[in-house]
Amino acid sequence: MKYNFKEIEPKWQAEWEKSGIFKAVDFDPRPKWYGLVEFPYPSGVGMHVGHIKAYSSVEVIARKRRMQGYNVLFPMGFDSFGLPAENYAIKTNTHPHIITEKNIAHFKDQMEKVGFSFDWSREIATSHKDYYKWTQWIFLKLFEHGLVFRAKTLVNYCPHCKVVLSNEDSQGGKCDICHSDVIQLPKDVWYLRITQYADKLLEGLEHVDYPDSIKQQQVAWIGKSTGAFVNFQLADQDGHAVGDKMEIYTTRCDTLYGVTFMVVAPEHPVLDKYKDQISNWDKITEYRAECAKKTEFERTQLVKDKTGVKVEGLTAINPITGKQIPVFIADYVMMGYGTGAIMAVPAHDQRDYDFAKAFGVEIVQVIKGGDISKEAYTGDGEMINSGFLNGFTNKKDSIARMLEYLKEQGIGHKGVQYKMKDWAFNRQRYWGEPIPLIHCPKCGTVAVLENELPLELPDVDNFEPGTDGQSPLAKIDSFVNCTCPKCGGPAKRETDTMPQWAGSSWYFLRFCDPHNDKAFADRRKLDYWMPVDHYNGGMEHVTRHLLYSRFWHRFLYDINEVGTPEPYAKRTYQGLILGPDGEKMSKSKGNVIDPMDIVDQYGADTLRVYVLFMSDYTAAAPWSDESVRGCKRFLDRVAGLTEIANADKEDPKLESSVHKTIKKVSEDIEKMKFNTAIAALMSLINEFTKAGSITKEDLVTFIKLLSPFAPHLTEEIWQQIGGEGFLTVSAWPEFDEEKTKDAVLNIGVQVNGKVRGNVDLPRDCTRDEAVETAEKDEVISRFLEGKTIVKVIYVPGKILNFVVK
RNA sequence: GCCGCCAUGGCGGAAUGGCAGACGCGCCUGACUCAAAAUCAGGUGGGGGCAACCUCGUGCCGGUUCAAGUCCGGCUGGCGGCACCA
């Protein structure tokens with residue numbers, strides 16, 4: 001057959017679309033299967049090869065599922081709110097809506113040209129008001145349940161983008177969008193109380209099928225630690241108690257006897273409270289200013305050099321020894337974790353040790369071991385200098401005993417801390433979901449009425465964010481001024497918008513019922529389709545999108561809006577495609593491969609086969625143009641199979657190979673070992689070619705197995721050989737286990753563990769027969785000559801090993 | 001620093017503890033061609049041998065085993081995540 005991909009690819013794409021075979025059917029009696037891939041942000045440059053690889057895996061499984069008789073939901077949409085469209089809008093003075101719609105159309109066109117079997121009747125876009133209406137609705141539910149709060153805190157602020165960023169968006173002290181340095185700024189912001197769900201998010205991981213690497217990253221990000229909160233009495237210069245106690249958090253309360261000083265974060269409010277009795281306030285202010293200037297990055301880089309200032313005039317009392325100890329401020333203590341104050345145990349914490357050495361503070365060893373004159377001892381050992389804890393050798397026991405004591409004395413109590421912080425949930429930008437809250441001078445913060453949703457984004461002329469950190473919406477009086485839904489008095493709208501991650505936190509639910517205008521999705525449809533059976537996406541979304549969406553979904557479960565606690569039954573990820581030079585693809589390096597160039601030059605089928613064949617799916621691998629051509633060559637040979645499909649009798653050897661291949665390809669697809677599945681098909685075609693002629697049945701089996709990978713070519717072959725209906729939804733081949741087993745097996749023969757030859761043995765041959773056959777072999781017998789056989793290991797079908805002396 | 005993953009030909013990579021290098025790329029030889037490309041056929045880890053074969057070989061050192069790329073212990077190198085988290 002002539003393989004003209006330019007002609008057949010658009011042809012079948014149109015035929016499939018016309019026939020509606022990719023449409024998911026609600027409540028269909030067939031078993032359901034919901035495959036999901038991360039919907040893209042529709043950037044102006046179009047699809048990246050990474051998108052192709054990310055979608056191709058679930059695409060192949062979805063196509064196989066349809067052939068296996070499943071009712072498949074494989075949807076696609078667009079995560080279309082976000083900064084790049086807005087920045088482009090500022091530059092070109094075009095409305096972000098116009099740019100976004102143009103980009104969506106471009107992306108969709110590209111996806112169709114690759115032949116992805118998405119159900120386009122369920123297409124969604126997060127920036128469409130019939131979608132974000134429900135994003136706002138869920139937000140109001142969160143608000144209603146006390147999971148939304150406003151707080152003035154130090155926030156991660158990007159001076160370039162002029163937005164407040166979540167921790168997740170400012171990892172490493174760099175803005176996730178523009179990569180400039182993030183600074184700390186005190187600001188009033190909205191938070192979602194994700195920390196309240198920390199335990200549920202941890203617990204949920206036990207019931208889902210995620211790779212360990214993903215689970216571990218989520219666990220590390222949540223960062224649960226158990227310890228104790230302990231109160232230290234503050235005192236004046238002479239050790240007389242003053243005012244409040246100061247609370248600290250520690251994981252080693254059993255080292256309390258070794259506490260020789262306290263450190264509080266530079267921003268800690270206790271300082272301002274006792275300002276009058278602090279005699280070196282100037283120095284404190286100076287140090288604070290220094291710290292504020294440092295970026296988070298600088299602050300964490302200077303790990304070795306401990307800086308700080310001793311607070312003069314304010315001291316504390318060690319609650320267990322009764323000794324007066326000094327108080328310092330230092331930026332190695334963070335306001336954002338624990339209580340912003342620590343008890344320092346220099347003998348057993350390297351940071352406290354470094355600080356004590358630099359500031360000449362006493363070091364008291366309370367755990368035996370190490371050499372305290374050189375460094376802190378952080379290992380285990382017998383407790384010493386520790387009163388009632390002396391002699392304890394087990395960390396667990398000494399902590400438990402101390403906790404008991406703290407409780408008895410009312411000094412402290414057991415506690416839990418998380419590294420994960422609450423989710424800063426607002427941006428001072430235009431192109432996002434307006435936050436549906438109203439500030440009323442009388443009633444405080446009031447929710448927009450549900451029947452007024454969606455709270456639409458008003459049109460503006462100027463998308464530039466304000467220099468005062470205000471959203472462009474703040475400049476629109478008609479938007480800002482409103483009446484309070486509670487008291488009817490004049491009020492002002494919140495002008496911040498939601499962060500990029502809002503829309504993607506629940507989109508998989510909307511796909512179950514995308515056109516519903518009464519609810520975010522019909523509960524019966526949710527119960528039919530959810531959970532997502534297989535979700536694939538990038539490793540880079542594991543600490544953000546995955547955590548956020550699990551949080552929203554778990555919340556909706558808790559308020560009985562969805563029926564499953566976890567949204568994704570199974571999650572996988574793909575490895576990066578590197579440039580041909582082995583470097584990460586980037587415009588500046590000029591090593592970017594445009595997938596549409598490959599479609600033009602070799603066809604979509606070649607592109608699809610290549611991205612899955614190039615390496616292990618989860619591994620990063622460089623692009624190779626030569627290997628792409630190799631995949632095209634393979635498909636050319638597949639097209640040529642029609643010429644030799646003329647045998648009228650099945651060759652038993654070939655039949656066995658066909659059945660083995662059905663088994664291999666079927667199993668490998670399930671394990672996402674696409675590279676070996678394709679390799680098995682290449683091997684089979686090599687056998688076909690050698691045989692010179694094959695039956696039509698062999699050809700049909702072959703194109704069915706290849707169909708999920710190269711659907712256009714195989715559909716065309718199917719039509720040309722007179723197949724009925726679409727190959728795409730024909731039955732997946734079955735294999736006969738008997739026929740996958742060879743009657744005669746060639747196995748290796750070892751003498752003392754070294755391979756000395758191989759022999760053909762019948763499958764059911766006994767040990768004695770195997771030994772007899774092997775001993776007749778010329779080469780093997782040479783190695784056995786004059787030796788005594790001590791032991792024979794025979795593993796049928798695998799190996800025969802003679803142990804000789 | 002902590003946690004995790006990985007290391008196999010010239011390259012991408014195969015290999016439930018059982019004949020290392022499947023499959024593809026590249027390269028070499030041959031066929032076709034005036035020639036080249038494309039295509040087809042054959043070969044292709046290193047060393048030795050006319051050959052049958054022999055020998056070395058999965059980052060390094062050791063161990064378990066009849067048998068180790070695979071399991072265990074210790075290194076070295078690379079990747080990813082977290083990171084002054086008390």
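These lines cover the structure that appears in this document, whether it is placed above or below.

Some thoughts on the sheet that holds strand E1 (residues 32–37)
Spatially, the 4 strands line up as an open sheet ordered E2-E1-E18-E19, and their pairing is parallel. On the outer flanks of this sheet lie strand E2 (71–73) and strand E19 (571–573), each paired with one strand and no other. Direction aside, neighbouring strands of the sheet carry axes that sit 20° apart on average. Summarising the sheet, E1 and strand E18 (residues 534–537) pair through 3 bridges and their orientation is parallel. The residue of E18 that forms the bridge with Gly 35 is His 534.

Description of the pattern of salt bridges
For the coordinates displayed, the defined rule picks out 41 salt bridges. The shortest N-O distance in the salt bridge between Glu 716 and Lys 11 comes to 2.8 Å. Of the two residues, Glu 716 is situated in helix H23 (residues 711–720) and Lys 11 in helix H1 (residues 5–19); the sequence distance between them amounts to 705 residues. Each of Asp 26, Asp 119, Arg 122, Asp 513 and Lys 525 takes part in one network of salt bridges that share partners.

Digging into the packing of helix H2 (residues 49–67) against helix H18 (residues 604–613)
The contact between H2 and H18 brings their axes to 9 Å, and the two run at 100°. With respect to H18, the axis of H2 lies roughly perpendicular. Note on element contacts: H18 touches H2 through Leu 607, Arg 608, Val 611 and Leu 612, opposite Ile 52, Lys 53, Ser 56, Ser 57, Glu 59, Val 60 and Arg 63. When grouped by side-chain class, the residues that make up the contact of H2 with H18 number 5 nonpolar, 2 polar and 4 charged.

Quick notes on the pairing of strand E22 (residues 744–751)
Alignment of E22 against strand E23 (residues 754–762), held across 8 bridges, turns out to be antiparallel. In the strand pairing of E23, Val 749 is matched with Gly 757. Counted between consecutive antiparallel strands, the loop separating E22 from E23 contains 2 residues, among which Asn 752 sits at a positive phi close to 50°. Looking at chain direction, E22 and strand E25 (residues 799–804) are connected through 4 bridges and run parallel. In the strand pairing of E25, Val 749 is matched with Leu 800.

Conventions and cut-offs
- Residues numbered from 1 in each chain as written.
- Chains lettered and ligands numbered in written order.
- Predicted model: local features only at pLDDT ≥ 70, side-chain atom pairs only at ≥ 80, totals over all residues.
- Heavy atoms only, no water.
- Pairing = 2+ DSSP bridges.
- Helix = DSSP H or I, 4+ residues; strand = E, 2+ residues; numbered from the N terminus.
- Axes fitted to C-alpha atoms, helices over the stretch in contact; angles between N-to-C directions.
- Salt bridge = Lys/Arg side-chain N within 4 Å of Asp/Glu carboxyl O.
- Parallel < 35°, antiparallel > 145°, perpendicular 65-115°, else oblique.
- Contact = heavy atoms within 4.5 Å.
- Nonpolar A, V, L, I, M, F, W, Y, C, P; charged D, E, K, R; others polar.

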